[in-house]
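Fold and geometry: a report
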Amino acid sequence: QVQLVESGGGLVQAGGSLRLSCAASGRTFSGYTVGWFRQAPGQEREYVTGISRSGRNTYYTESMKGRSTISRDNAKNTVYLEMNSLKPEDTAVYYCAAKYRVTEDVSSNGYGYWGQGTQVTVSS
């Protein structure tokens, strides 16, 4: 069992930056792929980014490429999502999720552990 807690959300003006954190407890964190999803009101949940167990592989959705960086510190059991040049359309609840993998998989499926979410609001 893995417990995930997100933090770092908030209100920011367009063009600003935020760093989200996902702190994990429970099982050995280094065995898990971790991803960030987001969901805006009335929209489907979107897979934003993911990082493999070692950090070797990453994935970014097209709209976040060049504006965000996912990283992890396995010693601290924490994954970070740095987001820059934020736009109003980035407004959503951001969820951290994890899946146990023996490979460096960063696909969007199979996430079984979820955090409670953190709100990101970007004002124009």
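The rules behind each value
Residues numbered from 1 in each chain as written. Predicted model: local features only at pLDDT ≥ 70, side-chain atom pairs only at ≥ 80, totals over all residues. Heavy atoms only, no water. Core = buried A, V, L, I, M, F, W, Y, C linked by side-chain atoms within 4.5 Å. Buried < 20%, exposed > 50% of the residue type's maximum accessible area, 1.4 Å probe, protein only. Helix = DSSP H or I, 4+ residues; strand = E, 2+ residues; numbered from the N terminus. Contact = heavy atoms within 4.5 Å. Phe/Tyr/Trp six-rings, centres within 6.5 Å; stacked < 30°, edge-to-face > 60°. Lys NZ or Arg CZ within 6 Å of the ring centre and 35° of its normal.

1. Comments concerning the nonpolar core
Counting 27 residues, the largest nonpolar core has Trp-36, Val-79, Met-83 and Tyr-94 as its most contacted members. Contributing elements (two or more residues each) for this core: strand S1 (2–7), strand S3 (18–26), strand S4 (32–39), strand S5 (46–51), strand S8 (78–83), strand S9 (92–100) and strand S11 (118–123). Discounting residues that sit within four places of it in the chain, Val-79 has contacts with Leu-20, Ser-21, Cys-22, Phe-29, Val-34, Trp-36, Ile-51, Ile-70, Ser-71 and Arg-72. Among the nonpolar cores identified, the runner-up in size contains five residues, and Phe-37, Tyr-47, Val-106 and Tyr-111 belong to it.

2. What about unusual backbone geometry?
Of note, Asn-77 is a non-glycine position whose phi angle comes to about 55°, a positive value. Within the fold, Asn-77 resides in the loop between strand S7 (68–73) and S8. A relative accessible area of 23% means that Asn-77 is categorised as partly exposed. Positive phi, normally seen in glycine, also occurs at Ser-85, with a value near 50°. Within the element layout of this structure, Ser-85 appears in the loop between S8 and S9.

3. Structural notes on the packing of aromatic side chains
Here the structure, examined in full by the defined rule, presents eight aromatic pairs. Residues Phe-37 and Tyr-111 carry aromatic rings whose centres are separated by 5.2 Å and whose planes lie at 85° to one another, so their mutual orientation is edge-to-face. Taken together, the residues span a long stretch of sequence, with Phe-37 in strand S4 and Tyr-111 in the loop between S9 and strand S10 (113–114) at a distance of 74 residues. With respect to burial, Phe-37 and Tyr-111 carry one shared label: buried. One Lys or Arg, Arg-72, reaches over the ring of Phe-29 and ends 4.7 Å from the middle of that ring. Across from the ring centre of Tyr-111, 4.6 Å away, lies the NZ or CZ of Lys-99, which sits over that ring.

This is a description of form; function is not addressed.
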